[in-house]
Amino acid sequence: MAFAVSTSIGHGGVVGKIEEGSCVGLRLSTSQRLSFPLCRIRVRGQAVIRASDEGSASLRTSGLSNEECEAAAVAGKFPAPPPFVRPSGPQGTPKIAPLDLLKRPRRNRKSPALREAFQETHLSPANFVLPLFIHEGEEDTPIGAMPGCFRLGWKHGLIDEVYKARDVGINSFVLFPKIPDALKTPTGDEAYNDNGLVPRSIRLLKDKFPDIVIYTDVALDPYNSDGHDGIVREDGVIMNDETVHQLCKQAVSQARAGADVVSPSDMMDGRVAAIRTALDAEGFNDVSIMSYTAKYASAFYGPFREALDSNPRFGDKKTYQMNPANYREALIETHEDAAEGSDILLVKPALPYLDVVRLLRDNSPLPIAAYQVSGEYAMIKAGAVLKMIDEEKVMMESLMCIKRAGADIILTYFARQAANVLCGMK
Ligand code: PBG
């Protein structure tokens, strides 16, 4: 039994083998990172690895080789039991009788192997969906408030980015277009132009990478001259049913281009059922719907709106996105979206709304998605630039906590950076 592995030195190439005997026990999923004493390796497929190699240098041993140990044991000489004297604390440590405790939870945290054995939550690149901003231009233009993120040229930069993400195990992407002002109208009709930026980009991506999963955003804001997710009436009211009509056309157009999952992020009432019916009527029964179920009217979307130049021209989004103070209301949306045929329920933002992620997880058997939004990303990046936090550790911890709260998938601008860490290829 041997496994193909790749190391952090060679991107993805097969550079070595783990032979039978050097491994036991653990089942690992594709691309899961493993720590070895000398190198970090990424295992493709399933493999089994011995845990005891890690950190063994610090353990007290007899210093004998395996053969010498065996010979000594055969000769009846066994290692002495570990000394009962405890290592002492620093001078001044109080001398006290031990507490009489039946339970000492620290016992289960005492070594790396035990901690790893009892770890309840695991992250994998398979859990990430990478949001990508696209535009008509040839160049990739940096987004000021989102260091490391770019508006990607759909013909080149987009392809490159997907290529690099796939190299670290990310296969899911969600597209957000920056639409030129000239194409924006009060009814957002560019949203269902079969030759628009999003459908064109989907077709190109599917042609290059047929097996990736493409999520699309269903909402009018990038296409609407008012910057709202729906059609704005003359008195400022966002029209619900008329907007849903447009969203259905948008979703069908995206499905026609090859989208795998359409994701209504608009928060209009009844849009999930309407989109389901529209998709099915056109034969797209297998296209999934990920509905933004509990999407809050959040200030954390600021950098995103800068990226797409999609700030509402007036007012705010509070008549359709949820009040950040509300919890029970998320259940109403959950029951509604699930009953209307949603395949995945999404909570947004993520980290400040972990209670809502848990609420949905406990109240629906559907997969739950959480969106770590632009403002969450920007805060971590800013804190790191100012040297106030450790970027990598905070990034990984925030993602782990979102998963722990009950998210199956996480939409995050950190997807590629975090996957690099998980693969040991930073
Ligand atoms: C719009 C949409 C928004 C985001 C995703 N889709 C912004 C908004 O509702 O104003 C925000 C994502 C982010 O901040 O990262 N339909």
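Residues numbered from 1 in each chain as written. Predicted model: local features only at pLDDT ≥ 70, side-chain atom pairs only at ≥ 80, totals over all residues. Heavy atoms only, no water.

A. Here's a closer look at the overall build of the chain. Assigned secondary structure in the chain consists of 12 helices and 16 strands. Counting only residues that meet the buried cut, the chain has 46% of its 426 residues in that class. Taking the contacts inside the chain whose residues are at least 6 apart along the sequence as the reference set, 70% of them involve residues at least 24 apart. When the accessible surface of the chain is split by element, carbon and sulfur atoms take 55% of a total near 22,300 Å². (Helix = DSSP H or I, 4+ residues; strand = E, 2+ residues; numbered from the N terminus. Buried < 20%, exposed > 50% of the residue type's maximum accessible area, 1.4 Å probe, protein only. Contact = heavy atoms within 4.5 Å. Areas by Shrake-Rupley, 256 points an atom, 1.4 Å probe, with all protein chains shown as cover.)

B. Representation of the site of the ligand. Taken together, 18 residues lie around the ligand, and K295, R305, K348, S374 and Y413 are the ones closest in. Note that an oxygen atom of the ligand is positioned 2.7 Å from one of the side-chain N or O atoms of K295. Coverage of the ligand by the protein amounts to 100% of the 400 Å² it exposes when considered alone. Looking at the shell around the ligand residue by residue, the class counts come to eight nonpolar, three polar and seven charged. (Near = heavy atom within 4 Å. Polar contact = N/O pair within 3.5 Å; in protein donor to acceptor, adjacent residues only side chain to side chain. Nonpolar A, V, L, I, M, F, W, Y, C, P; charged D, E, K, R; others polar.)

C. How the structure looks around the packing of aromatic side chains. For the structure shown, the criterion picks out 10 aromatic pairs. Geometrically, the ring pair formed by Y377 and Y413 is edge-to-face, given 5.7 Å between the ring centres and 65° between the ring planes. Linking Y377 in helix α10 (residues 374-385) with Y413 in the loop between β16 (409-412) and α12 (415-422), this pair joins segments that are 36 residues apart in sequence. Residue Y413 is classed as buried on the basis of its relative accessible area of 7%. Grouping aromatic residues by their ring pairs yields a cluster made of F133, F176, Y292, F304, Y371, Y377, Y413 and F414. If you follow K295 out to its NZ or CZ, it ends over the ring of Y301, 5.5 Å from the centre. The ring of F304 carries the charged tip of K348 above its face, separated from the ring centre by 5.9 Å. (Phe/Tyr/Trp six-rings, centres within 6.5 Å; stacked < 30°, edge-to-face > 60°. Lys NZ or Arg CZ within 6 Å of the ring centre and 35° of its normal.)

D. Helix α5 (residues 240-257), seen in detail. In this model α5 runs 26 Å from its N-terminal to its C-terminal C-alpha over 18 residues, within 8% of the 26 Å that 1.5 Å per residue would give. Those residues of α5 that sit buried are T243, V244, Q246, L247, C248, Q250, A251, V252, S253, Q254, A255 and A257. Two residues or fewer after α5 comes G258, characterised by a positive phi angle close to 120°. (Expected span 1.5 Å × (residues − 1).)

E. Seen up close, the pattern of salt bridges. What the rule picks out here adds up to 21 salt bridges. In this structure, the salt-bridge partner of D229 is K317, at a minimum N-O distance of 2.7 Å. Highlighted residues: D229 in the loop between β9 (213-218) and β10 (231-232) and K317 in the loop between α7 (302-308) and α8 (328-339), separated in sequence by 88 residues. Both residues of the pair, D229 and K317, belong to the buried class. Members of the salt-bridge network, linked through shared partners, are D194, R256 and E282. (Salt bridge = Lys/Arg side-chain N within 4 Å of Asp/Glu carboxyl O.)

F. Focus on the environment of R166. Within the element layout of this structure, R166 appears in helix α3 (residues 157-167). Each C-alpha atom of the pair R166 and R416 lies 8.8 Å from the other, and the pair is 250 residues apart in sequence. Among residues more than four places away in sequence, those in contact with R166 are N171, F173, F209, D211 and I212. At 3.2 Å, the side chain of R166 and the side chain of D211 are in polar contact.

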